[in-house]
Amino acid sequence: MPTAYDSDLTTLQWELLEPLIPAAKPGGRPRTTDMLSVLNAIFYLVVTGCQWRQLPHDFPCWSTVYSYFRRWRDDGTWVHINEHLRMQERVSEDRHPSPSAAICDAQSVKVGNPRCHSIGFDGGKMVKGRKRHVLVDTLGLVLMVMVTAANISDQRGAKILFWKARRQGASLSRLVRIWADAGYQGQALMKWVMDRSQYVLEVIKRSDNLAGFQVVSKRWIVERTFGWLLWSRRLNKDYEVLTRTAEALVYVAMIRLMVRRLAQEH
């Protein structure tokens, strides 16, 4: 299968994703849109950072591409695909499909759209925009993401994130321990996490005796994940009006990363 753009799926990558694409709704006219072209268009937008209306004309009409993206955002398809590929990737790395430990952190990003909802100011990082609260496994694969205004504290965001993770189902049924940085310290939060989510929250601090940059055990994993996300230009800033759209694009970026890895394993 020839590729017109670097972001296009290869034949093997498409074979991994095709079974995960929702079937057409029963009744009415048969689906005529090529799902491979739709996915290629969505990946092109995430990688290059272009606007929906600026998608090249060799893709399906931008409104058609966006309607599929929005539908899969609202019905949980992106979350399901991310979950399925994550379990496959873990198995390929000789890990259990469901992780027993995870790392959480938050990333503040500026907004690039004046119509964005939920904007705040992060006084710690001096950023006006939004905050991505992320939970990743020990391979750096995203388990859960939640986007809020940047003025929402890490601890407040973590409570919502952990509450959602507890209700994720079988894919996170083994999760018992979560590592975090000093922004999550405090007996009150640890007790809340244990009582409400039944997780053990362990704060890992960097040493005060060492100057300059240092790699901190476990915490570097989530920082690497943030680096992976910024490979996608659409995620360098938050351009989305709705926070749930911003969350869906994080899942899309991770889906592209994982499907490329899995295709290399075959």
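All values derive from a computational prediction rather than experimental measurement.

Reading the values: rules and limits
Residues numbered from 1 in each chain as written. Predicted model: local features only at pLDDT ≥ 70, side-chain atom pairs only at ≥ 80, totals over all residues. Heavy atoms only, no water. Phe/Tyr/Trp six-rings, centres within 6.5 Å; stacked < 30°, edge-to-face > 60°. Buried < 20%, exposed > 50% of the residue type's maximum accessible area, 1.4 Å probe, protein only. Lys NZ or Arg CZ within 6 Å of the ring centre and 35° of its normal. Helix = DSSP H or I, 4+ residues; strand = E, 2+ residues; numbered from the N terminus. Contact = heavy atoms within 4.5 Å. UniProt positions renumbered as here; feature names shortened; annotations may be inferred. Core = buried A, V, L, I, M, F, W, Y, C linked by side-chain atoms within 4.5 Å. Pairing = 2+ DSSP bridges. Right-handed = clockwise from strand over helix to strand, strands pointing away. Salt bridge = Lys/Arg side-chain N within 4 Å of Asp/Glu carboxyl O.

Caption draft 1: Examining the packing of aromatic side chains more closely. All told, the structure shown has 10 aromatic pairs when counted by the stated rule. Measuring from ring centre to ring centre gives 5.5 Å for Trp72 and Trp78, while their planes differ by 75°; the resulting arrangement is edge-to-face. Its relative accessible area of 2% is what places Trp72 among the buried residues. Look at Trp78 and you get buried, because its relative accessible area is 2%. Through a chain of ring-to-ring contacts, three or more aromatic side chains come together here, namely Trp52, Tyr66, Tyr68, Phe69, Trp72 and Trp78. A cation over a ring is seen here: Lys218 above Trp179, with NZ or CZ 4.7 Å from the ring centre. The cationic tip of Arg261 hangs over the ring face of Trp228; the distance from NZ or CZ to the ring centre is 4.6 Å.

Caption draft 2: The side chain of Ser232, seen in detail. Relative to the assigned elements, Ser232 resides in the loop between α7 (219-229) and α8 (243-265). Among the residues examined, Ser232 registers a relative accessible area of 8% and is labelled buried. Beyond its immediate chain neighbours, meaning those up to four positions away, Ser232 contacts Val46, Val47 and Ala253.

Caption draft 3: Focus on the UniProt feature "domain: Insertion element IS402-like" (unreviewed entry) in the protein. Per the UniProt record, "domain: Insertion element IS402-like" (unreviewed entry) is annotated on residues 9-81. Structurally, residues 9-81 is divided into 53% helix and 0% strand, and its ends, taken at the C-alpha atoms, are 15 Å apart.

Caption draft 4: Focus on the nonpolar core. Leu17, Leu39, Leu55, Trp78, Leu85, Leu135 and Phe162 are the most contacted members of the largest nonpolar core, which totals 77 residues. Per-element accounting of this core gives the leading share, 13 residues, to α8. In this structure Leu135 touches Ala102, Ile103, Cys104, Leu141, Val142, Leu143, Met144, Leu161, Phe162, Ala165, Leu175 and Ile178, once residues within four positions along its chain are discounted.

Caption draft 5: Highlighting the pairing of strand β6 (residues 200-203). Only one face of β6 is buried: it carries Leu201 and Val203, and the other face, with Val200 and Glu202, is open. Pairing of strand β5 (residues 177-180) with β6 involves four bridges; the strand directions are parallel. Paired with Ala180 across the strands is Val203, a residue of β6. Each parallel crossover has a hand, and for β5 linked through helix α6 (residues 187-197) to β6 it is right-handed.

Caption draft 6: Molecular detail of the pairing of strand β4 (residues 142-149). Among the eight residues that make up β4, eight are buried, leaving the element largely enclosed by the rest of the structure. Of the strand pairs in this sheet, strand β3 (residues 127-136) and β4 are connected by seven bridges, and their pairing is antiparallel. By the bridge assignment, Val134 is partnered in β4 with Val145. From the end of β3 to the start of β4, which pair antiparallel, there are five residues, and Gly140 there has a positive phi angle of about 90°.

Caption draft 7: Seen up close, the pattern of salt bridges. Considering all chains together, one arrives at 10 salt bridges under this definition. Salt-bridge contacts for Arg130 lead to Asp238; the nearest nitrogen and oxygen are separated by 3.1 Å. Taken together, the residues Arg130 in strand β3 and Asp238 in the loop between α7 and α8 connect sequence positions 108 residues apart. Judged by its relative accessible area of 2%, Asp238 falls in the buried class. Residue Glu202 pairs with Arg177 through a salt bridge whose shortest N-O separation is 2.8 Å. One end of the pair, Glu202, is in strand β6; the other, Arg177, is in strand β5, and 25 residues separate them in sequence. Classification of Arg177 as partly exposed rests on a relative accessible area of 32%. Residues joined in a network through salt bridges with shared partners are Arg73, Asp74 and Arg244.

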